[in-house]
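Next come the chains, spelled out residue by residue.
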Amino acid sequence: MVARLLLLRAWPRGPAVGPGPLCRPLSSGSGSREYLQLSIVPTMHFQDSLPRLPIPKLEATIKRYLRAQKPLLDDGQFRKTEQFCKSFENGIGKELHEQLVAQDKQNKHTSYISGPWFDMYLSARDSIVLNFNPFMAFNPDPKSEYNDQLTRATNMTVSAIRFLKTLRAGLLEPEVFHLNPARSDTDTFKKLIRFVPSSLSWYGAYLVNAYPLDMSQYFRLFNSTRLPRPIRDELVTDEKARHLLVLRKGHFYVFDVLDQDGNIVSASEIQAHLKYILSDNSPAPAFPLAYLTTENRDVWAELRQKLASGGNEETLRKVDSAVFCLCLDDFPMKDLVHLSHNMLHGDGTNRWFDKSFNLIIAKDGAAALHFEHAWGDGVAVLRLLNEMFKDSIQAPAVSPQSQPARTDSPAAVQKLNFKLNDALKTGISTAKEKFDAIVKTLTINFIQFRRGGKEFLKKQKLSPDSVAQLAFQMAFLRQYGQTVATYESCSTAAFKHGRTETIRPASIFTKRCSEAFVREPSQHSTGELQQMMAECSKYHGQLTKEAAMGQGFDRHLFALRYLAAAKGIVLPELYLDPAYGQINHNILSTSTLSSPAVNIGGFAPVVPDGFGIAYAVHDNWIGCNVSSYPGRNAREFLQCVEKALEDIFDAIEGKCIKT
């Protein structure tokens, strides 16, 4: 359960990254359609010189932890927690911290959080569906006729394979966050930096205010899967495999998308093979195997062993090693709520949830990436999504008028058949019952607040993200009358093998401001409300900066707890304090991303009585996609979020707040 509470979705903060100068998309007539781009700076050029993720000072971690606890506890509870912290800081915590620092010095090739974080994901026994895997949906192709399912599936598949080839050839532009693009995102800089040795290249970028990001997770994007094992799962990657896995109506198909020389199979052949699969009129299987990937990991591990020993080992290897999994759904999306349900979980028959990612394409061309979370975070997936979207619309491999190649698809496409005994059939039926039962309880709702967004808020010198987070605090206070543990994920990819850190948006500032808006609006002038919002914005900015720089408290305390367990040390009292359990029971689990390629994203709550809040503050509007289980009401919560945003905008404009 601890793993489930802590393993929250990490999506990147920051703009989409696309090819800059000296990294242009290649023309279709160039003969170089194998690659998305030809970066003159090698993809992994900065990796060796990335700075290491710092371990915060113990006293700083304790101060930050107590600041985050303050709005959640009454005075008596807070004093007890203070005592636990004091004892920890001066006793066992100090010893553990010193051991962690010493251990970190012995492992300079990685970060202090990388191993424990992989362990936590892979040791979690809950189903990965809803508990861990999120989705990001693409915007539709701006040329409506290109949203035909076969056309879009072909184009996106080719773009994904081109990304794979570009990445493996070292020709994908390195992931860099440019604070001053006029200086760093230029031909001149790239021509110079490529000659700086990899051991020093990060410093060269730093001099021009550019921050290269960790790309160590990228190799797991393709040919990768999470294998269920007893106690702890295993991540496997087989870069030699050349085939694509396609799921349709619960059936499995494979065909090669790379030839023996590693070249991409022609787009017209891929189109022909997909057309052949779409024309298969076989009824859905009576026992859809994909349900097994929705099971508890120990249950699935045992069933998989039976599956392998029952003559299916080679067939499973084809599933596991496939470049990725393409899921073709036979129905259109009705609306964004239907799309969210379908891309987050679907009906359980047409996804292989263990694959590093599933590319899902509906009958109407609506498309999304659904990804397994143990291998990596949102930075790599968003980069893939951005590049696929850009390439598929700017240089599509096929058009709606394109004719599929005249090729022997029945020979090229292999339909996989699994031998199922009674124990496996029973296992599939049980998995289906569990899956259907939990999915029925999940509610998803969505709003678009059109009164303003990033542009307006920045003019008011308010952090757009802080305003969204304040609205969530106000909404929960209005709906349930309290301030609760809130989680916002933040990438630490600026460091070697960085993963994520937590921003804790619920603060004494948001609590005071929320109470003023919700409980006593008539007692405060708009000037006073504006001042409180400015304080919230300033403090949220500080928390965000600290988290991005690896100076939060969550990962540090987690690593110390992990170390204590590894050393067989009795769990320190700080971790037994009910307040520690409460702050890690994240009722408001939030994550934001912004990209012109993304239509919507989503994930399930991380606790039964929580909300899963995916949101984006766009230039002129704010979108929010919320999930909940029984006991919480996503629709009413979003009504309260909308009311909160109206009140915030009214206050900014000097209007009276309506009760």
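Bear in mind that the values here come from a model prediction, so they are computed numbers and not experimental data.

What counts and what doesn't
Residues numbered from 1 in each chain as written. Predicted model: local features only at pLDDT ≥ 70, side-chain atom pairs only at ≥ 80, totals over all residues. Heavy atoms only, no water. Axes fitted to C-alpha atoms, helices over the stretch in contact; angles between N-to-C directions. Helix = DSSP H or I, 4+ residues; strand = E, 2+ residues; numbered from the N terminus. Parallel < 35°, antiparallel > 145°, perpendicular 65-115°, else oblique. Left-handed = near helix turned anticlockwise from the far one by under 90°. Contact = heavy atoms within 4.5 Å. Nonpolar A, V, L, I, M, F, W, Y, C, P; charged D, E, K, R; others polar. Domains from an automatic or database assignment. Buried area = accessible area lost by both parts, 1.4 Å probe. Polar contact = N/O pair within 3.5 Å; in protein donor to acceptor, adjacent residues only side chain to side chain. UniProt positions renumbered as here; feature names shortened; annotations may be inferred. Expected span 1.5 Å × (residues − 1). Buried < 20%, exposed > 50% of the residue type's maximum accessible area, 1.4 Å probe, protein only. Pairing = 2+ DSSP bridges. Core = buried A, V, L, I, M, F, W, Y, C linked by side-chain atoms within 4.5 Å. Salt bridge = Lys/Arg side-chain N within 4 Å of Asp/Glu carboxyl O. Disulfide = S-S within 2.5 Å. Phe/Tyr/Trp six-rings, centres within 6.5 Å; stacked < 30°, edge-to-face > 60°.

Regarding the packing of helix H17 (residues 464-480) against helix H18 (residues 508-518)
A packed helix pair is summarised by two numbers, namely the angle formed by the two axes and the spacing between the axes. For the pair H17 and H18, the least separation of the axes is 9 Å and the interaxial angle reads 55°. Put simply, H17 runs oblique to H18. Note that H17 runs across H18; the crossing there is right-handed. Residues Leu470, Gln473, Met474, Leu477 and Arg478 of H17 form the contact with H18, whose own contacting residues are Thr510, Cys513, Ser514, Glu515, Phe517 and Val518. Tallied by class, residues from the contact of H17 with H18 come to 6 nonpolar, 3 polar and 2 charged.

Quick notes on the domain arrangement of the protein
The domains assigned to the protein are domain 1 (131-175 + 218-441), domain 2 (177-212) and domain 3 (444-653). Just the C-alpha atoms count here: the centres of domain 1 and domain 3 sit 32 Å apart. The interface is formed by 24 residues belonging to domain 1 together with 23 residues belonging to domain 3. Approximately 1900 Å² of surface area, both sides summed, lies buried where domain 1 meets domain 3, with 59% of it carried by carbon and sulfur atoms. Along the contact surface separating domain 1 from domain 3 lie 10 residue pairs in polar contact (both at pLDDT 80 or more).

Side note on the UniProt feature "active site" (unreviewed entry) in the protein
When the UniProt feature table is mapped to this numbering, "active site" (unreviewed entry) covers His373. Within the element layout of this structure, His373 appears in the loop between strand E10 (367-371) and helix H13 (378-394).

Points about helix H3 (residues 75-90)
Over its 16 residues, H3 extends 23 Å from the first C-alpha to the last, a length consistent with the 22 Å expected when each residue adds 1.5 Å. Tucked into the core, H3 has its buried residues touching helix H2 (58-69), helix H4 (92-105), helix H20 (554-566), helix H21 (573-576) and helix H22 (578-583).

Considering the side chain of Arg220
Its location among the elements puts Arg220 in the loop between strand E3 (210-212) and strand E4 (224-227). Excluding anything up to four places from it in sequence, Arg220 contacts Leu235, Val236, Thr237, Ser356 and Trp375.

Some remarks on the environment of Asn147
Summarising the element assignment, Asn147 is placed in the loop between strand E1 (135-138) and helix H6 (149-168). By relative accessible area, which is 12% here, Asn147 ends up buried. Sequence separation of Asn147 and Pro400 is 253 residues, and the distance between their C-alpha atoms is 8.9 Å. Residue contacts for Asn147: discarding those within four places in its chain leaves Pro140, Asp141, Arg152, Asp364 and Gly365.

Observations concerning the UniProt feature "domain: Choline/carnitine acyltransferase" (unreviewed entry) in the protein
When the UniProt feature table is mapped onto this chain numbering, "domain: Choline/carnitine acyltransferase" (unreviewed entry) sits at residues 53-643. Between the end C-alpha atoms of residues 53-643 there is a gap of 40 Å, over a span that is 45% helix and 15% strand.

What about the sheet that holds E1?
Spatially, E11-E7-E6-E8-E9-E10-E1-E16 is the arrangement adopted by the 8 strands of the open sheet, whose pairing is mixed. At either end of the open sheet lies a strand with only one pairing partner, and these are strand E11 (414-416) and strand E16 (598-602). On average, each strand axis in the sheet is tilted by 25° relative to the strand beside it, whichever way the strands run. Bridge count for E1 against E10 is 3 bridges, and the pairing is antiparallel. Paired with Ala137 across the two strands is Ala368, which belongs to E10. Packed onto the sheet, helix H10 (residues 267-278) meets strand E6 (243-248), strand E7 (251-256) and strand E8 (325-328) and runs at close to 165° relative to E7.

As for the nonpolar core
Counting residues in each nonpolar core, the largest one holds 138 residues, and the members touching the most others are Phe324 and Leu359. Both domains that meet at this core, namely domain 1 (131-175 + 218-441) and domain 3 (444-653), each give it at least three residues. Among residues more than four places away in sequence, those in contact with Phe324 are Thr157, Ala160, Ile161, Phe222, Leu244, Leu245, Lys355, Phe357 and Leu359. Membership of the second largest hydrophobic core comes to 45 residues, among which are Leu529, Val617, Phe637 and Leu638.

Thoughts on the pairing of E16
Most of E16 is tucked away: 4 of the 5 residues are buried. The pairing of E1 with E16 spans 4 bridges and is antiparallel. Across the sheet, residue Phe135 finds its bridge partner in E16, namely Gly602.

Regarding the pattern of salt bridges
Applying the stated rule across the entire model yields 37 salt bridges. For Asp298, the salt bridge goes to Arg125, with nearest N and O atoms at 2.7 Å. With a gap of 173 residues between them, Asp298 in helix H11 (residues 297-321) and Arg125 in the loop between helix H5 (114-123) and E1 connect regions that are remote in the sequence. Of the charged contacts, one joins Glu295 and Lys434 as a salt bridge, the two residues approaching to 3.0 Å between their closest N and O atoms. Linking Glu295 in the loop between H10 and H11 with Lys434 in helix H15 (residues 422-440), this pair joins segments that are 139 residues apart in sequence. Given a relative accessible area of 3%, Glu295 falls into the buried group. Lys434 sits in the partly exposed class, given a relative accessible area of 44%. One network of salt bridges, in which partners are shared, links Arg125, Arg226, Asp233, Arg297, Asp298, Asp354 and Glu372.

Some points on the sheet that holds strand E15 (residues 588-592)
Backbone hydrogen bonds hold the strands of a sheet together, and the pairing may be parallel or antiparallel. The 6 strands lie next to each other as E12-E18-E17-E15-E13-E14, forming an open sheet whose pairing is mixed. Lying at the two open borders of the sheet, with one neighbouring strand each, are strand E12 (443-449) and strand E14 (500-503). Here the strands of the sheet are splayed against their neighbours by 25° on average, with no regard to which way each runs. Pairing between E12 and strand E18 (residues 622-628): 7 bridges, direction antiparallel.

Comments concerning the state of the cysteines
Under the defined criterion, the tally for this structure stands at 0 disulfides. You can see Cys513 has no disulfide; the closest cysteine sulfur is in Cys536, sitting 4.2 Å from it.

Section: the packing of aromatic side chains
This model, assessed by the stated rule, comprises 26 aromatic pairs. Measuring from centroid to centroid gives 5.5 Å for Tyr65 and Phe553, while their planes differ by 70°, and the two rings are edge-to-face. Here Tyr65 is found in helix H2, whereas its partner Phe553 is found in the loop between helix H19 (526-548) and H20, with 488 residues between them in sequence. Summarising the burial analysis for this pair, Tyr65 and Phe553 share the class buried.

A word on the pairing of strand E5 (residues 234-237)
Pairing between E4 and E5: 4 bridges, direction antiparallel. By the bridge assignment, Leu227 is partnered in E5 with Glu234. In textbook terms, the turn of a hairpin is the stretch between consecutive antiparallel strands, and for E4 and E5 this stretch comprises 6 residues, one of which, Ile231, has a positive phi near 75°.

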